[in-house]
Structures are given as C-alpha cells and as structure tokens.
Amino acid sequence: MGQILKTCGFAKWTVEEQLLKDYHASARELLVGIKKIGAQSHCFSARGFCLKGGDIFKLAVFLNSRYREGKGVYITYQVLYGFAQKSRQTN
C-alpha cells in the first residue's frame, strides 16, 4: 500500500487495522445479515462458480460448527483506517 501512495504523490501516511467480530444467533442469520449489506449473489469469480441450495446448507452447518462462540456465530471484519498527506510542490 505504501508504494501505491508514494507513486500517487503522498509523502506521509498512516494505516491502522482493527478486527471486529459481528455475532449472529445462527449461521442462517449471519448469511441474511451479509445479504443485507449488499452481498446479493451467491456466485463467485468471473468463471461463474455458484453455490447451490445444498452447498449453502453445508456452508451454514460449517459456520455453525467452526465459528460459534458463547455469543453466537460470528464473522470477522478487517477494518482499515488511514490518513495520507500529499507532498507540497515547490515551483
């Protein structure tokens, strides 16, 4: 990321990362929550790989078994906060 900012003319930057867990009562509610924030399709990649109903059920079973804690089934979001300052040009 630093090289991209430097190429774009930024002299200083800082980036902070935070991992946030979002809990849901079940894997089904988690998947509904993901859909509500804009994940409307169950198709992935340009090749058109799509999950079928049975695959979504298997995914829900996996999520319930692997990502369940005391508060429920969770998803982790990686949030990046950044600040960049452009170089002052002297002409």
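Now for a quick tour of the structure. Since the model is a prediction, treat every value here as computed from it, not as a measurement. (Residues numbered from 1 in each chain as written. Predicted model: local features only at pLDDT ≥ 70, side-chain atom pairs only at ≥ 80, totals over all residues. Heavy atoms only, no water.)

1. Quick notes on the packing of aromatic side chains
Ring pairs (aromatic) are described by centroid distance and by the angle formed between their planes. One pass over the structure, following the stated rule, counts three aromatic pairs. Ring centres of Phe62 and Tyr67 lie 6.0 Å apart, and the angle between their planes is 75°; this geometry places the pair in the edge-to-face category. On the accessibility criterion, Tyr67 (26% relative accessible area) is partly exposed. Ring geometry for Tyr67 against Tyr74: centres 5.5 Å apart, planes inclined by 85°, an arrangement best described as edge-to-face. (Phe/Tyr/Trp six-rings, centres within 6.5 Å; stacked < 30°, edge-to-face > 60°. Buried < 20%, exposed > 50% of the residue type's maximum accessible area, 1.4 Å probe, protein only.)

2. Thoughts on the packing of helix H2 (residues 27–36) against helix H3 (residues 53–66)
Where H2 meets H3, the axes come as close as 8 Å, and the angle between the chain directions of the two elements is 115°. Regarding the angle of H2 to H3, the classification is roughly perpendicular. Once H2 is placed against H3, the crossing between them reads as right-handed. Residues Ala27, Leu30 and Leu31 of H2 touch H3, and the partners they reach there are Ile56, Leu59, Ala60, Leu63 and Asn64. Among the residues making up the contact of H2 with H3, the classes are represented as seven nonpolar, one polar and no charged. (Axes fitted to C-alpha atoms, helices over the stretch in contact; angles between N-to-C directions. Helix = DSSP H or I, 4+ residues; strand = E, 2+ residues; numbered from the N terminus. Parallel < 35°, antiparallel > 145°, perpendicular 65-115°, else oblique. Left-handed = near helix turned anticlockwise from the far one by under 90°. Contact = heavy atoms within 4.5 Å. Nonpolar A, V, L, I, M, F, W, Y, C, P; charged D, E, K, R; others polar.)

3. A closer look at the sheet that holds strand E4 (residues 68–69)
The antiparallel open sheet is built from three strands, whose spatial order is E1-E5-E4. Both outer strands of the open sheet, strand E1 (10–24) and E4, are each paired with one neighbouring strand and no more. Pairing analysis gives 14 bridges linking E1 to strand E5 (residues 72–86), with the strands arranged antiparallel. The residue of E5 that forms the bridge with Lys12 is Gln85. Contacts from H2 reach E1 and E5 within the one sheet, and its direction differs from that of E5 by about 30°. (Pairing = 2+ DSSP bridges.)

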